[in-house]
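Summary of the model geometry
Listed below are the residues making up each chain.
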Amino acid sequence: MRNAATILGIIRDRGRRRLPLEDLYRQLYNRDLYLHAYGRLSRNAGAMTPGATAETVDAMSVEKIDALIDALRHERYRWTPVRRTYSPKPSGKLRPLGLPTWTDKLLQEVIRAILEAYYEPQFSPHSHGFRPGRGCHTALGEITKRWKGVKWFIEGDLAQCFDSLDQQVMFAILSENLHDQRFLRLLANLLRAGYLEDWQYHTTLRGVPQGGVVSPILRNISLGRLDQCVETMWLPLSIHGHRRKPYPPYMALLKAAWKHKVAGKTVEAKTLRRHAQRLPSRDPQDPNFRRLWYVRYADDWLLGFSGPREEAEAIKEQLRTFLGGTLKLGLSAEKTLITHARTAAARFLGYDIVTQHADEKQFRPLRRRCINGALGLKVPVAVIRAKCTKYMRRGKPIHLAARLQDADYSIVAQYQAEYRGFVQYSLMAYNVHRLWRVHRVMQQSLVKTLADKHRTSVNKVYRKYRTTVSTPHGTLRV
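Residues numbered from 1 in each chain as written. Predicted model: local features only at pLDDT ≥ 70, side-chain atom pairs only at ≥ 80, totals over all residues. Heavy atoms only, no water.

1. Examining the environment of Val 461
- For Val 461, the position within the fold is in helix H17 (residues 458-465).
- The class for Val 461 is buried, based on a relative accessible area of 5%.
- Beyond its immediate sequence surroundings of up to four residues, Val 461 is in contact with Val 447, Leu 450, Ala 451, Thr 456 and Arg 466. (Helix = DSSP H or I, 4+ residues; strand = E, 2+ residues; numbered from the N terminus. Buried < 20%, exposed > 50% of the residue type's maximum accessible area, 1.4 Å probe, protein only. Contact = heavy atoms within 4.5 Å.)

2. With respect to the side chain of Ser 445
- Its place among the elements puts Ser 445 in helix H16 (residues 436-454).
- Taking the relative accessible area as the measure of exposure, Ser 445 reaches 0% and is therefore buried.

3. Examining helix H6 (residues 136-146)
- Among the residues of H6, Cys 136, Ala 139, Leu 140, Gly 141, Glu 142 and Ile 143 are the ones counted as buried.
- In this structure, the buried residues of H6 make contact with strand S8 (291-297), strand S9 (300-306), strand S11 (346-348), strand S12 (351-355), strand S15 (375-378) and helix H15 (408-426).

4. Details of the pattern of salt bridges
- Counted according to the given criterion, the structure contains 19 salt bridges.
- Arg 31 is paired through a salt bridge with Asp 66; the nearest N and O atoms lie 3.0 Å apart. Residue Arg 31 is found in helix H3 (residues 31-41), and its partner Asp 66 is found in helix H4 (residues 62-73); the two are separated by 35 residues along the sequence.
- Look at Asp 66 and you get partly exposed, because its relative accessible area is 30%.
- A salt bridge links Asp 70 to Arg 76; its shortest N-O distance comes to 2.5 Å. (Salt bridge = Lys/Arg side-chain N within 4 Å of Asp/Glu carboxyl O.)

5. A look at the packing of aromatic side chains
- For the coordinates displayed, the defined rule picks out nine aromatic pairs.
- Seen from their ring centres, Tyr 38 and Trp 102 are 6.3 Å apart, and the 85 degrees between their planes marks the pair as edge-to-face. Pair noted here: Tyr 38 is in helix H3 and Trp 102 is in helix H5 (residues 102-119), with a separation of 64 residues, a long-range link.
- By relative accessible area, which is 32% here, Tyr 38 ends up partly exposed.
- In this structure an aromatic cluster arises from ring pairing among Tyr 118, Tyr 119 and Phe 123.
- Looking at Arg 84, its charged tip hangs above the ring of Tyr 195, at a distance of 3.7 Å from the centre. (Phe/Tyr/Trp six-rings, centres within 6.5 Å; stacked < 30°, edge-to-face > 60°. Lys NZ or Arg CZ within 6 Å of the ring centre and 35° of its normal.)

6. Thoughts on the nonpolar core
- Core analysis: the largest hydrophobic core is formed by 80 residues, its most contacted members being Leu 28, Tyr 34, Ile 111, Leu 115, Leu 174 and Leu 178.
- The element contributing the most residues to this core is H5, with eleven residues.
- Here Leu 174 is in contact with Tyr 119, Leu 184, Leu 187, Leu 218 and Ile 221, once residues within four sequence places are set aside.
- Core analysis: the next-biggest nonpolar cluster, separate from the first, contains 40 residues, Trp 293, Phe 422, Val 441 and Leu 446 among them. (Core = buried A, V, L, I, M, F, W, Y, C linked by side-chain atoms within 4.5 Å.)

7. Concerning the sheet that holds S9
- The four strands are arranged S8-S9-S4-S10 in an open sheet whose pairing can be described as antiparallel. Strands at the two margins of the open sheet, each flanked by one partner only, are S8 and strand S10 (337-340). Put simply, the sheet's adjacent strands are angled 20 degrees from each other on average, direction ignored.
- Of the pairings in the sheet, the one linking S8 to S9 comprises seven bridges and is antiparallel in character. Residue pairing across strands places Leu 292 opposite Phe 305, the latter belonging to S9.
- In the packing of helix H13 (residues 309-327) onto the sheet, contacts are made with strand S4 (152-157), S8, S9 and S10, and the angle to S9 comes to roughly 150 degrees. (Pairing = 2+ DSSP bridges. Axes fitted to C-alpha atoms, helices over the stretch in contact; angles between N-to-C directions.)

Here it is, written out as structure tokens:
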């Protein structure tokens, strides 16, 4: 029997060559695929979270895998309804999550590995969500490294993407390349297994279970049609002109500066050149120049457009028509915006994306402006304020009473993990110096928590735990 790496390698090669897959259901009989899936899932903290039953990873065995394979072989396996819970969103609303049982989770991981091996070579390079080797930072890096001269941001967000995905559209897309009705029927039964909320059963006729192992790859497969549409229809049609034509006032000043320099009037030449560098070198209103950029992370996408606003509005409406007609999805009215890149920022993946402009920043050997028109990332002030609010009351850092019963090491480790996660995600911003506020608030909250636990003063806690460590950048008091 082939091992998991061999099977997934063959499937990946067929996906790269865009050949259809057959006899997929038979691959679910391979025990090594389940051991491979177990290795991926068992290390996650969610492996010990029960679903609608009490079953978790600690009761797993090879005998259970064999029983699962036997049920699949005779087509008598039935999915268990997921247990629905809710997690808070940053906006204050609640996000529904479906928690599957462990056996369902293991089988979903095998299906996910098969689908990912086949579809990953076919996915768009502009798609970054829930893909190996990609993430929020790669999406943001594409924006900062490749986009320049953006005039309009078209921000897009799909309304309740997980809950509103049309299952008929999804299976029509899957059936184009997966020629195995038993495999597709197994997936269909998964999506229609329903959920339990307060131990009441509810059916699911639309969408995919948010929280399911296989849900992100199914969403990427469906939204891959959006990527294809943008890449094949709008990107080619919205790219006109090699470069913008020179801006006449700028060229006139440079020409005058050159004449003064030839005449020996160096002071006047420098003055004219300084005036010229306050103007754009290329015509910002060039009617023959268009550019369009696109990036997507899960159900959030961003378009950058260089051209008139009327055309940006037309692109937005065409996207709305395509999503509603082809994928039967709707855009979130409050999050789908058109933003002027020079005067406002676009919010994407927790960052503010802004157009940089600084005439004094120049590449010295050529005396040319080097950052004008380039995009930069900023940590929004509101995000920093919201992070600090968790550790403050009435405008001052406070102790966290919920952690007073933990050990000192656990308290320090919790604070460090929360601070490190936030800062590491935010390090792509050019205003990263503002994170010192988070550092100061969290450190004072940590010290006050330890002081309250030991019934001592803040100064004594500082003297007990503060030390100096060596870093590549010098010594640091921590």
